[in-house]
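If you want the building blocks of each chain, they are given just below.
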Amino acid sequence: MEERVAKSSCLGVHSDISGETSGGGKSRCPAHIIFTWISLHGNLPPEEQHSGQIHKQSRVCVCLYANTFVCVCRLTPKGISAAMNTQQMEQMGQFKITVWEEENFQGKRCEFMLECQNIMERGFNKIRSIKVENGPWVGYEYPEFQGQQFILEKGDYPRYEAWSGNSSYRTEHMLSFRPIKCANHSDSKVTLYECEDFQGRKFEMCDDYPSLQAMGWCSKEVPSIKINSGAWVAYQFPGYRGYQYILERDRHQGEYRNYNEYSTQAHTNQVQSIRRIQH
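In this text, all values refer to a predicted model and were calculated from it rather than measured experimentally. (Residues numbered from 1 in each chain as written. Predicted model: local features only at pLDDT ≥ 70, side-chain atom pairs only at ≥ 80, totals over all residues. Heavy atoms only, no water.)

A. Expanded view of the packing of aromatic side chains. Taken as a whole, this structure holds nine aromatic pairs when the rule is applied. Here Tyr 245 and Tyr 262 contribute two aromatic rings whose centre-to-centre distance is 5.8 Å and whose plane-to-plane angle is 45°, an arrangement assigned as tilted. Linking Tyr 245 in strand S16 (residues 241-248) with Tyr 262 in the loop between strand S17 (255-256) and strand S18 (273-276), this pair joins segments that are 17 residues apart in sequence. Given the relative accessible area of 1%, Tyr 262 is considered buried. A connected cluster of aromatic rings, assembled from ring pairs, spans Phe 95, Phe 112, Trp 137 and Phe 177. Lying across the ring of Phe 105, Lys 131 places its NZ or CZ 4.8 Å from the centre. Taking NZ or CZ as reference, Lys 226 lies 4.7 Å from the ring centre of Phe 198, over its face. (Phe/Tyr/Trp six-rings, centres within 6.5 Å; stacked < 30°, edge-to-face > 60°. Helix = DSSP H or I, 4+ residues; strand = E, 2+ residues; numbered from the N terminus. Buried < 20%, exposed > 50% of the residue type's maximum accessible area, 1.4 Å probe, protein only. Lys NZ or Arg CZ within 6 Å of the ring centre and 35° of its normal.)

What follows is the structure, encoded as structure tokens:
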């Protein structure tokens with residue numbers, strides 16, 4: 001058995017062993033996901049376990065988690081990084097989200113343990129309901145993790161209002177999503193700054209604040225933020241309302257030097273409430 005690493009162009013599925021979503025559609029994993037790959041020399045899985053044509057001499061990636069078939073991938077020639085190890089595979093099991101095309105968990109559905117850059121590539125027109133089984137996730141209004149953000153913690157979201165109901169700009173669109181891997185509710189710390197680039201008066205906190213002004217912050221604005229540990233969601237208005245900004249220790253090295261780095265849809269440095277993300 002030969003082990004190498006390559007970027008994958010997936011021919012398989014992320015839903016179940018049959019290779020179909022429950023709505024009958026085929027599903028592809030993001031091309032940039034890196035898997036351990038092996039040369040099977042004709043020892044391919046049964047045809048019903050994968051979609052697409054895979055020749056007997058093809059070098060393919062077979063991705064398993066907990067002895068459950070996830071997908072089969074065809075590989076490009078570009079090899080990078082190191083193989084996915086056991087720890088990474090176990091980490092993948094810490095995140096699971098199921099999305100439906102219709103409200104109240106009806107219609108086409110698909111399960112994910114990894115990020116999805118564009119749900120339309122899975123044959124969906126839009127996402128209308130969601131169940132988060134494991135881990136926190138962040139959803140985005142547009143493909144490629146662009147636009148308004150929505151925090152998705154463990155629970156049921158039968159309609160789009162459940163994830164965007166407190167937003168000042170309601171939208172039915174959610175077309176990409178990814179797991180939040182650094183969330184740690186019991187060990188989270190954030191520092192707010194009075195000016196951009198971490199200048200001026202600062203305030204450190206490790207708890208949830210539904211109103212920053214009530215706890216002593218003298219402005220409706222927070223020009224820069226440093227995430228010392230964990231992951232946080234900041235809100236435009238008090239009471240966890242308005243635009244949501246997902247702020248993570250493992251993004252931007254935890255440093256958000258101005259409001260433009262809070263989110264691609266951020267138009268102001270107005271932040272009036274903030275809380276730790278549940279995991």
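Resuming the write-up.
B. View of the side chain of Ser 224. Here Ser 224 lies in strand S14 (residues 224-229). The contacts of Ser 224, once residues within four sequence positions are left out, are Thr 191, Leu 192, Tyr 193, Cys 195, Glu 196, Asp 197, Phe 198, Tyr 256, Arg 257 and Tyr 262. (Contact = heavy atoms within 4.5 Å.)

C. A look at the sheet that holds strand S13 (residues 199-205). Taking strand neighbours across the sheet as the criterion, the four strands line up as S13-S12-S14-S17 in an open arrangement whose pairing is antiparallel. Two strands close off the open sheet at either side, each with one partner strand: S13 and S17. Sheet analysis places strand S12 (residues 189-195) next to S14, joined by five bridges and oriented antiparallel. Bridge assignment links Tyr 193 to a residue of S14, and that residue is Ser 224. (Pairing = 2+ DSSP bridges.)

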